[in-house]
Amino acid sequence: MPFVTPATLRDYDVIVVGSGAAGGQTAYTLSMSGARVLMLEAGRNYVPEHETPMFQTRGEAPLRGASTPDKPFGFHDATVDGGWQVPGEPYVNATQEDSGRFDWWRARMLGGRTNHWGRYSFRNGPYDFKPRSRDGLGFDWPLTYEELAPYYDKVEMLIGVYGANDGLENTPNSSPGCLLPPPRPRVSDLLIAQRAKKVGIPVVAGHRAVLTQPLDYANLPARLHPGNLDAQRIIAEHMRTRAACFWATPCGRGCSIRATYQSTTVHLPPALATDRLDILVNAMVREVTLDKHGLASGVSYIDKLTGRPGRAAARAVVLAASACETVRILLNSKSSRFADGLANSSGKVGRYLMDTVGSSVDGQIPLLESLPPHNEDGASGGHMYAPWWLYGEQLAGKLGFPRGYHIEFGGGRNMPSLSTGAGIEWLTGGSYGRRFKEEVRRYYGSFVYFDGRGEMIPNEHSYCEIDPDVKDRWGIPALRFHWKWSEHETRQATHMQRTFAQIIEAMGGRVKGPILTDGARAIAPGGSIIHEVGGAIMGADPGQSVTNRWGQTWDVRNLFITDGAVFASNADKNPTLTIMALAWRAADHILDRMKRREL
Amino acid sequence: MDEPLRVDRRTAIQWVLAASAVPWLQRRASGAAAAPGTRGYGTDPDLNRSYLPGELWPLTLTPALRSTAAALCDVVIPADSESPSASTVGVVDFIDEWISAPYDAQQADRKTILWGLAWLDAESQRRYQSSFTGLTQAQKTAICDDICYLPEAKPQFADAATFFAIYRDLTAGGFYTTPAGIRDLKYVGNVPLTSFDGPPPEVLRKVGLDEAPRT
């Protein structure tokens, strides 16, 4: 009976709040090793095998699949009951200035945002854990790359990540047998790689959580779960149910054949197969509850189906609700013992919120016009990317900003959408009629885009707190956000703009629109890249951080955080893979302490 | 992130930013998805079925407006040797669905398009004493040439040129998402493959990459 109701809860070792990358990995690791786990998810159950629109064309969708407030990433996007605004679940921005706003993405569904994410899966490098030691800014993590590397290996083997070991600076190789072969480049990839090289930018195989071949179910299970034959049997069976990519349908819709990583297709099914994981959906967690010793006794929640409050108990509680939701739960868990919110003796809960620096440039490439028709769907996302390449220049102080970015790019003959043929007056001079049809054919597939994804340094002005007035529809106090980019970020964004224009020009192409030289305009608004992390950072000093190196809160020894809230920095590498590696490591630590009866 | 997702992220950010124009007190209690009193398809629609214009919200265009809309669709995308005209593959229905949708972006386009279709008839009457649908091809072209490119439109045609740009985008988007439009562009994906082989040699040759390594 893995999906439980408020009436059928049992006794649990660990409560996990959240079911995405962090909650999925935490629950997987704990239950595969013998712990009894209750997972609470604020959204509904979601079954990708049945619900994913795999081959639907945009013509079958309302408004041809356009983005709407109900479905911000388009009708066929996997996200249901989610977006930057969720009905009945408000939040507040402290200022109306665009530069000071933070927009908070949530996905209220089993698996959370892992159902729709871009599947980009990069490792942080050695520098990324010790940034303050390198340039004096931000915070060092209380752990090293070498300590986390074995967990990156495990996560890559479990979820399946394509990529190559290129041995580039601060861009770590994986252990042998971890990565799947990358897909063949598209023609735009090859042209970008050739021309970017001429301006000094290395382009290598992308890393994404898509199976380019079936997982090696004969050998990987023993590497994932040494000595645990039950776990090996379960994960081997599960790996056999995952098909390799069949090179069609956008990953953002989710994947009914389980060729990409989603918590709902990769973490939860084997965890449920242990019979040690129960999942309670539609459970909106309000607070962590405490016993008389000041230890976590469980959580209180609202059953969204009935509006009734409920409680669940366990020996330990793990918050994996996404960075800001985890902060909200902590700050709403007030008691006489913890008047400023739980685990907040440092005053750091909610502080040092970070997103990714994003900036984009599009171009049109005459060499790619009117190419012979061929299938370019591939693995739907990027087959190649450019890792940050200017470490030396940066260290020498030549760039005017301290941290790096990587470039995600693409192009090609994508499935026609509402934007096909739209907004091309800058090329056609406003044609219509037969000439317009000819020009749409000519330009279709000749566009390329470049997205910079860069590191934001934590600052004192970017944080969230509980709003004194606003509550959600269940009466739970809402978050209020404060946000500020520093010049470290805005200068990086203008560097992105110049660099992408340089690549487009090196391809003989034309840049669409102006190159933005004002960093405040070049940078995407806070929260829009949806890589928010921090808010309960880990550290070595209990006075300056919320958790230790295991994600264990300093103040409550049986309360852990395994989502992005613990990030002490937000390297340019997309956070999901690191969240999973940290969660696996934290779960191992919890298991170890439970064995020693310390929890 | 794949291209369609990326485009949608930009669109979504634009309406998130547009929301900041809403008065402060209203925004403080934000969270309503669609405008008050109207209903979209909600945050959890069935993604696996097909939808037809008119089944989610009532349509707008009268028979007379539909005729004008169809005539303009076919000025933008007429039939040629590769594919039929826009109006013959349901693009007018799509435009009607679009301007009838309850969301803010579509409601803004609704104003522009209803104004523009009326302007088109008024301009046709002024110049040729006929409705737009009754004009010859040359007469239609004479009007459209004045409004087809906003940066070069005369000041008195600026509003009409804004309308035409939106209408052309919608007609193109509507057309190229139909089976006929997809065939026209020779998009050959959205089919399962046992392997992804990358670009064929003739493509690499055309781009000058025939020496590129096949990693």
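Let us look at the structure shown here. None of the values given here were measured: they were computed from a predicted structure.

Turning our attention to the overall build of chain A. Secondary structure assignment for chain A yields 16 helices and 20 strands. Taken against the 2.2 N^0.38 rule, which gives 25 Å for 599 residues, the C-alpha radius of gyration of chain A at 23 Å falls within 12% of a compact globule. Dimensions of chain A, computed from the C-alpha atoms along their principal axes, are close to 75 × 50 × 45 Å. Classification of the 599 residues of chain A by burial places 64% in the buried group.

Looking along a regular strand, one sees the side chains alternate between the two faces of the sheet. Residues and elements named next belong to chain A. Examined bridge by bridge, strand 1 (residues 12-17) and strand 12 (residues 308-319) share five bridges and lie parallel to one another. When the bridges of strand 12 are listed, Val14 appears paired with Ala316. In terms of strand pairing, strand 11 (residues 296-303) meets strand 12 through six bridges, oriented antiparallel. Counterpart to Ile302 in the pairing with strand 12 is Pro309. Alignment of strand 12 against strand 20 (residues 559-561), held across three bridges, turns out to be parallel. Bridged to Leu319 within strand 20 is Ile561.

Further remarks concern the environment of Asp11(A). Residue and element names in this part refer to chain A. In this structure, Asp11 sits in the segment before strand 1. The exposed category is assigned to Asp11, around which 9 C-beta atoms lie within 10 Å. C-alpha separation for the pair Asp11 and Arg36, spaced 25 residues apart in sequence, amounts to 7.8 Å.

Residue and element names in this part refer to chain B. Relative to each other, helix 3 (residues 63-76) and helix 4 (residues 91-100) sit at 120°, their axes nearing to 9 Å. Comparing their axes, helix 4 and helix 3 come out oblique. In this structure, helix 3 crosses over helix 4, and the sense of that crossing is right-handed. Contacts from Arg66, Ala69, Ala70 and Cys73 in helix 3 reach Val91, Val92 and Ile95 in helix 4. Residue classes in the contact of helix 3 with helix 4 are distributed as six nonpolar, no polar and one charged.

The biggest cluster of nonpolar side chains holds 172 residues, and the ones touching the most others in it are Val14(A), Ile15(A), Val17(A), Val37(A), Leu40(A), Val317(A) and Val318(A). Discounting chain neighbours no more than four positions away, the residues touching Val37(A) are Tyr12(A), Asp13(A), Val14(A), Val16(A), Ala27(A), Leu30(A), Ser31(A), Arg276(A) and Leu277(A). Counting 53 residues, the second largest nonpolar core, distinct from the first, contains Cys73(B), Ala101(B), Phe132(B) and Tyr176(B).

Moving on, we come to the sheet that holds strand 16 (residues 447-454) of chain A. Residues and elements named next belong to chain A. Spatially, 8-14-15-16-13-19 is the arrangement adopted by the six strands of the open sheet, whose pairing is antiparallel. Among the strands making up the open sheet, the edge pair consists of strand 8 (204-205) and strand 19 (510-511). Bridge analysis of strand 13 (residues 357-364) against strand 19 gives two bridges, and the strand direction is antiparallel. Considered in strand 19, the bridge of Gly363 is made with Val511. Together, strand 13, strand 15 (405-411), strand 16 and strand 19 form the strand contacts of helix 14 (residues 487-506), whose direction differs from that of strand 13 by roughly 20°.

What follows covers the sheet that holds strand 17 (residues 463-471) of chain A. By definition, the strands of a sheet pair up through backbone hydrogen bonds, in either a parallel or an antiparallel sense. Residue and element names in this part refer to chain A. Read across the sheet, three strands follow the order 4-18-17 without closing on themselves; strand pairing throughout is mixed. Every interior strand has two partners, whereas the edge strands, strand 4 (92-93) and strand 17, have only one. In terms of strand pairing, strand 4 meets strand 18 (residues 477-482) through two bridges, oriented parallel. Bridging from a neighbouring strand, Asn93 pairs with Phe481 of strand 18.

About the thresholds
- Residues numbered from 1 in each chain as written.
- Chains lettered and ligands numbered in written order.
- Predicted model: local features only at pLDDT ≥ 70, side-chain atom pairs only at ≥ 80, totals over all residues.
- Helix = DSSP H or I, 4+ residues; strand = E, 2+ residues; numbered from the N terminus.
- Rg over C-alpha atoms; globule rule 2.2 N^0.38 Å.
- Buried ≥ 20, exposed ≤ 12 C-beta atoms within 10 Å, placed from the backbone.
- Pairing = 2+ DSSP bridges.
- Axes fitted to C-alpha atoms, helices over the stretch in contact; angles between N-to-C directions.
- Parallel < 35°, antiparallel > 145°, perpendicular 65-115°, else oblique.
- Left-handed = near helix turned anticlockwise from the far one by under 90°.
- Contact = placed C-beta atoms within 7 Å.
- Nonpolar A, V, L, I, M, F, W, Y, C, P; charged D, E, K, R; others polar.
- Core = buried A, V, L, I, M, F, W, Y, C linked by C-beta atoms within 7 Å.

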